[in-house]
Amino acid sequence: MYKNLVTHNGKFHADDVFASVIMTRLFPTLTIVRTRDETVTGEQSNFVYDVGGGAFDHHGINDTRQHANGVPMAAFGLIWQQFGKQYIADLNPDLAPAITQAVYQKIDSHFIVGIDALDNGVSAYQSEVFTVPDIINDFYDEDDEANSFDRALVFAKTILENRVKKTIAKEIAQQDVIAQATFVSDQILFVPISGPWKDYAEQFDQLIFAVLPRKDGNWMIQGVPVAHGSFEVKHAIPQIKEEGIVFIHRTGFMAVVDTAEHALQLAKDVLNGRES
């Protein structure tokens, strides 16, 4: 067992704060010591991250460790790589291994990579919009450093736990969708239940539309995005006027109709160019 959790003092950033969220969850009896004192960071009985030049410090000139997309790792990514699955299991100990693995990968690629990118100054992730690292930075108070770190830690804990729990729920629901979905053709996927479908659908290059139910009793045709996270779809639905069509979004990414049969037929008609 470690003696203390050790990270740097001074200005904190999102990567060391979120790394601290994971470590305090897994080692709740340990105290966080924030220092750059080498007698502390070099103490073998301490778990040291984002400082000290060890395995969980990313500041070395020759450090080439990176995420799958090439973004350099910061402390958050390094800690997640080692302890992420353990953290997920601590939040939900009854998960199947396949779900744990999927959640582990998605948290890394959809959340942590952005934190690490901004910490490492990767320009592609810079934004004029207020980001999570900006929010963490705003907690910092030079005159009240210890308490401001603690406040940032509480905030980051809420964000990470919520993100992981939401991702777990989505993965479980997606397994139900996958089990019940059927391909009407290479271009149309029929999903008889509500649930997350896009991650699954995006795996199939030829897939154009998904047909699925809505909670209001109607059915929806939704276009498959051209890429993950894109608002652009592979084939927009034109503004068709016919009985049973409730609504077609002005961009054509989705349409709402009265029945499943109508939705399937309309999807086929759009693909075949019959758009009366």
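Our subject in this report is the structure included herewith. Bear in mind that the values here come from a model prediction, so they are computed numbers and not experimental data. Here the residue numbering is sequential within each chain, running from 1 through the sequence in written order. Totals for whole chains, interfaces and linings use all residues, but because this is a predicted model, local features are given only for residues with pLDDT of at least 70 and pairs of side-chain atoms are given and counted only at 80 or more. For the side-chain quantities, the full set of heavy atoms in the structure was used; hydrogens and water were omitted.

Some words on the environment of G54
To keep it simple, the criterion reads: A helix here means a DSSP run of H or I that spans at least four residues, while a strand means a run of E at least two residues long, and both kinds are numbered starting from the N terminus. Residue exposure (1.4 Å probe, protein chains only): buried if accessible area is under 20% of the type maximum, exposed if over 50%, otherwise partly exposed.
Here G54 is to be found in the loop between β3 (47-48) and α3 (75-91). A residue is classified by how much of its surface remains accessible, and G54, at 39% relative accessible area, is partly exposed. Taking the C-alpha atoms as reference, G54 lies 14 Å from D16; in sequence the two are 38 residues apart.

As for the pairing of strand β8 (residues 245-248)
To be explicit about the condition: For two strands to count as paired, DSSP must find a minimum of two bridges between them.
Relative to strand β9 (residues 254-257), β8 runs antiparallel, the two sharing three bridges. The partner of I245 across the bridge, within β9, is V257. Hairpin geometry of β8 and β9 is characterised by an intervening segment of five residues between the two adjacent antiparallel strands and by a positive phi of about 80° at G252.

Details of the sheet that holds strand β1 (residues 5-7)
Here is the rule: Note on contacts: a residue pair qualifies if any of its non-hydrogen atoms lie within 4.5 Å across the two residues. Each axis is a line fitted through C-alpha atoms, taken for helices only over the stretch in contact, and angles between the N-to-C directions span 0 to 180 degrees.
With parallel pairing, three strands are arranged side by side in an open sheet as β2-β1-β3. Each edge of the open sheet carries a strand with a single partner, namely β2 (32-34) and β3. Relative to β3, β1 runs parallel, the two sharing two bridges. By the bridge assignment for β3, L5 is matched with F47. Sitting on the sheet, helix α1 (residues 14-26) is in contact with β1, β2 and β3, with an inclination near 180° to β1.

Topic: the packing of aromatic side chains
Defined as follows: Centres within 6.5 Å are what make two rings of Phe, Tyr or Trp a pair, Trp counting through its six-membered ring; a difference in plane orientation under 30 degrees is then read as stacked, over 60 as edge-to-face, and the rest as tilted. Should the NZ of a Lys or the CZ of an Arg lie within 6 Å of a ring centre and within 35 degrees of the ring normal, that charge is described as sitting over the ring.
This structure, assessed with the given rule, holds 19 aromatic pairs. Between F18 and F76, the ring centres sit 5.0 Å apart and the planes meet at 15°, which makes this aromatic pair stacked. Separated by 58 residues along the polypeptide, F18 in helix α1 and F76 in helix α3 bring together distant segments of the chain. By relative accessible area, F76 is classed as buried at 0%. Between F18 and F111 the ring centres are 5.5 Å apart and the planes differ by 85°, which places this aromatic pair in the edge-to-face class. Remark: F111 occurs in helix α4 (residues 97-119) and F18 occurs in helix α1; sequence separation between them is 93 residues. Ring pairing ties together the aromatic residues Y2, F27, F47, Y49, F56 and F83, which thus form one cluster. Between the NZ or CZ atom of K85 and the centre of the ring of Y104, over which it lies, the distance is 5.1 Å.

Some remarks on the packing of α1 against α3
Basically, it comes down to this: By definition, turning the near helix anticlockwise from the far helix through less than a right angle yields a left-handed crossing, and turning it clockwise yields a right-handed one. Just so you know the grouping, Ala, Val, Leu, Ile, Met, Phe, Trp, Tyr, Cys and Pro go in nonpolar, Asp, Glu, Lys and Arg go in charged, and all remaining residues, Gly too, go in polar.
Direction vectors running N to C along α1 and α3 enclose 35°, while the axes themselves pass 9 Å from each other. Where α1 crosses over α3, the handedness of that crossing is left-handed. Judged by residue contacts, D15, F18, A19, V21, I22, M23, R25 and L26 of α1 engage A75, F76, I79, W80, F83, Q86, Y87, D90 and L91 from α3. Here the residues of the contact of α1 with α3 sort into 13 nonpolar, one polar and three charged.

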